[in-house]
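# Fold and contact review
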Amino acid sequence: MRIDVHAHYWTDEYLDLLADLGKADASAARGLGAGGGAELDARLRLMDRAGIQVQVLSACPQLPYGDDQKKAAAAARFVNDQYADLVRAHPDRFRAFAALPMPHIDESIGEMGRALDQLRMAGVAMNTTVLGRALVDPGYQPVFTELNRRSAALYLHPAGNGACSPLISDYHLTWMVGAPVEDTISIMQLITHGIPARYPDIKIINSHLGGALPMLLRRADDQYRWEAPGTPEPPSVAARRMWYDTVGHGHVPALRCAIDSVGADRLVLGTDFPYENGDTFVRAVDYVNDPGIDPSAARAILDQNAGALLGIGQNGIGQNGECHV
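What comes next is a walk through the structure. (Residues numbered from 1 in each chain as written. Predicted model: local features only at pLDDT ≥ 70, side-chain atom pairs only at ≥ 80, totals over all residues. Heavy atoms only, no water.)

## Looking at the overall build of the protein chain
- Scanning the protein chain for helices and strands turns up 14 helices and ten strands.
- Seen through its C-alpha atoms, the protein chain measures out along the principal axes to roughly 50 × 45 × 45 Å.
- Residue pairs in contact within the protein chain that sit at least 24 positions apart in sequence constitute 78% of those at least 6 positions apart.
- Only carbon and sulfur atoms are counted for the fraction: they give 51% of the accessible area of the protein chain, which is about 13,100 Å².
- Positive and negative charge centroids in the protein chain, built from 28 and 39 side chains respectively, lie 4 Å apart. (Helix = DSSP H or I, 4+ residues; strand = E, 2+ residues; numbered from the N terminus. Contact = heavy atoms within 4.5 Å. Areas by Shrake-Rupley, 256 points an atom, 1.4 Å probe, with all protein chains shown as cover. Lys, Arg positive; Asp, Glu negative; His and termini not counted. Charge placed at Lys NZ, Arg CZ, Asp CG, Glu CD.)

## A look at the sheet that holds strand S8 (residues 203-206)
- Pairing is parallel in the open sheet, where eight strands are placed in the order S1-S2-S3-S4-S7-S8-S9-S10. Each having just a single partner strand, strand S1 (3-8) and strand S10 (267-268) make up the two edges of the open sheet.
- Judged from the two bridges that link them, strand S9 (residues 243-245) and S10 form a sheet pairing that is parallel. Of the residues in S10, the one forming a bridge with Tyr 244 is Leu 267. (Pairing = 2+ DSSP bridges.)

## Describing the nonpolar core
- Counting 102 residues, the largest nonpolar core has Phe 97, Met 102, Met 126, Ile 205, Leu 267 and Leu 310 as its most contacted members.
- In terms of residue count, the dominant contributor to this core is helix H3 (residues 69-89) (seven residues).
- The contacts of Met 102, once residues within four sequence positions are left out, are Pro 64, Tyr 65, Gly 66, Ser 108, Met 126, Val 130, Tyr 140 and Val 143. (Core = buried A, V, L, I, M, F, W, Y, C linked by side-chain atoms within 4.5 Å. Buried < 20%, exposed > 50% of the residue type's maximum accessible area, 1.4 Å probe, protein only.)

## Focus on H3
- Taking 1.5 Å of rise per residue, 21 residues should cover 30 Å, and H3 covers 31 Å from first to last C-alpha, within 8% of that figure.
- Listing the buried residues of H3 in full gives Ala 72, Ala 75, Ala 76, Val 79, Asn 80, Gln 82, Tyr 83, Ala 84, Leu 86 and Val 87.
- The inward-facing, buried residues of H3 contact helix H1 (12-21), helix H2 (38-50), strand S2 (54-58), strand S3 (94-98) and helix H4 (105-118).
- Capping the start of H3 is the job of one residue whose side-chain oxygen sits 3.2 Å from the backbone nitrogen of Lys 70: Asp 68. (Expected span 1.5 Å × (residues − 1). Polar contact = N/O pair within 3.5 Å; in protein donor to acceptor, adjacent residues only side chain to side chain.)

## Here we look at the side chain of Asp 272
- Its location among the elements puts Asp 272 in the loop between S10 and helix H12 (278-286).
- No salt bridge is formed by the buried Asp 272; the nearest opposite charge belongs to Arg 43, separated by 9.7 Å.
- When residues no more than four places from it in sequence are discounted, the contact partners of Asp 272 are His 6, His 8, His 208 and Val 247. (Salt bridge = Lys/Arg side-chain N within 4 Å of Asp/Glu carboxyl O.)

## Section: the pairing of strand S7 (residues 153-157)
- For S7, the tally of buried residues reaches five of five residues, placing the bulk of the element in the interior.
- Because side chains alternate across S7, one face comprises the buried residues Ala 153, Tyr 155 and His 157, and the other comprises Leu 154 and Leu 156, equally buried.
- Relative to S7, strand S4 (residues 123-127) is paired through four bridges, and the arrangement is parallel. The residue bridging Asn 127 from the neighbouring strand is His 157, located in S7.

## Digging into the pairing of S1
- For S1, the tally of buried residues reaches six of six residues, placing the bulk of the element in the interior.
- In terms of strand pairing, S1 meets S2 through four bridges, oriented parallel. Residue pairing for S2: Asp 4 is matched across the bridge by Gln 55.

## Looking at the pattern of salt bridges
- Under the criterion given, the structure shown has 16 salt bridges.
- Here the salt bridges do not stand alone but share partners, grouping Asp 117, Glu 146, Arg 149 and Arg 150 into one network.

## Concerning the packing of helix H7 (residues 174-192) against helix H9 (residues 213-227)
- Remark: H7 packs on H9, axes separated minimally by 11 Å, with the N-to-C direction vectors making an angle of 40 degrees. Our classification of the angle between H7 and H9 gives oblique. When you trace H7 past H9, the crossing you get is right-handed. Contact residues: H7 offers Thr 184, Ile 187 and Met 188, while H9 offers Leu 213, Leu 216 and Ala 220.
- The residue inventory of the contact of H7 with H9, partitioned by class, reads five nonpolar, one polar and no charged. (Axes fitted to C-alpha atoms, helices over the stretch in contact; angles between N-to-C directions. Parallel < 35°, antiparallel > 145°, perpendicular 65-115°, else oblique. Left-handed = near helix turned anticlockwise from the far one by under 90°. Nonpolar A, V, L, I, M, F, W, Y, C, P; charged D, E, K, R; others polar.)

See below:
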């Protein structure tokens, strides 16, 4: 089954809640094609054109993060309920990753339980940072503990903050360069803090082929002992405990590098809809079948890995036969 794990969805009503929460870039997400109604109909037609059976929807990077605890919790509940309604309406086409009201730990763990137990969502989505703080901040350990206890999938996406660097943000490089830099930093922080080994039951999915990680693994293996001596295992070993989506903007050399570095079994299809739309969306799928990619690797990436990882079988149902959100 062809499953797209990197697909955004949000409505204007949800973006209004984010604006009220103080999220400055919420307005930039309007009118991109990520909503319901006619936009949803167009999405479904495009999925059919690209041969995608199921999208796993997420609100990243428009997650309900904010200092106001009540507003953040209300926004998370709102968007998760929206996703649940959408999946019930289209159980053969969609599943969803839950949004959490970070940085509020108790509320986030509570909403995680509601989303996974009651709404039957496919996992949890988080940004690579929480209001500028790294995911490996000790205060977030209870979230990882709960994800591990549940053997949950955790989908990670850049926050769009330019890695908190004005050298990126002030020079119009937030998404061209900043997003994969955020991916790379987040993954290396997870590795140097031993998160994949300490929480082995979390199915961590990183975005954008892991950013620059595939090109840096040998360098990291050579240097971690003196720069990050607390790292519990070689970065190349830890990297293969996680998964990576194939959003690489059709650049076959980058895909080949990721396959060679982490293995085709660790890659899952992603399109980055609606940021990749139309012909570019179709290319996000088709480039995996490039003649330079081994056909068995392409087949696993396109049609096998995500279903096995997330427990999605034919017709968008779980392997145990139940419909899931």
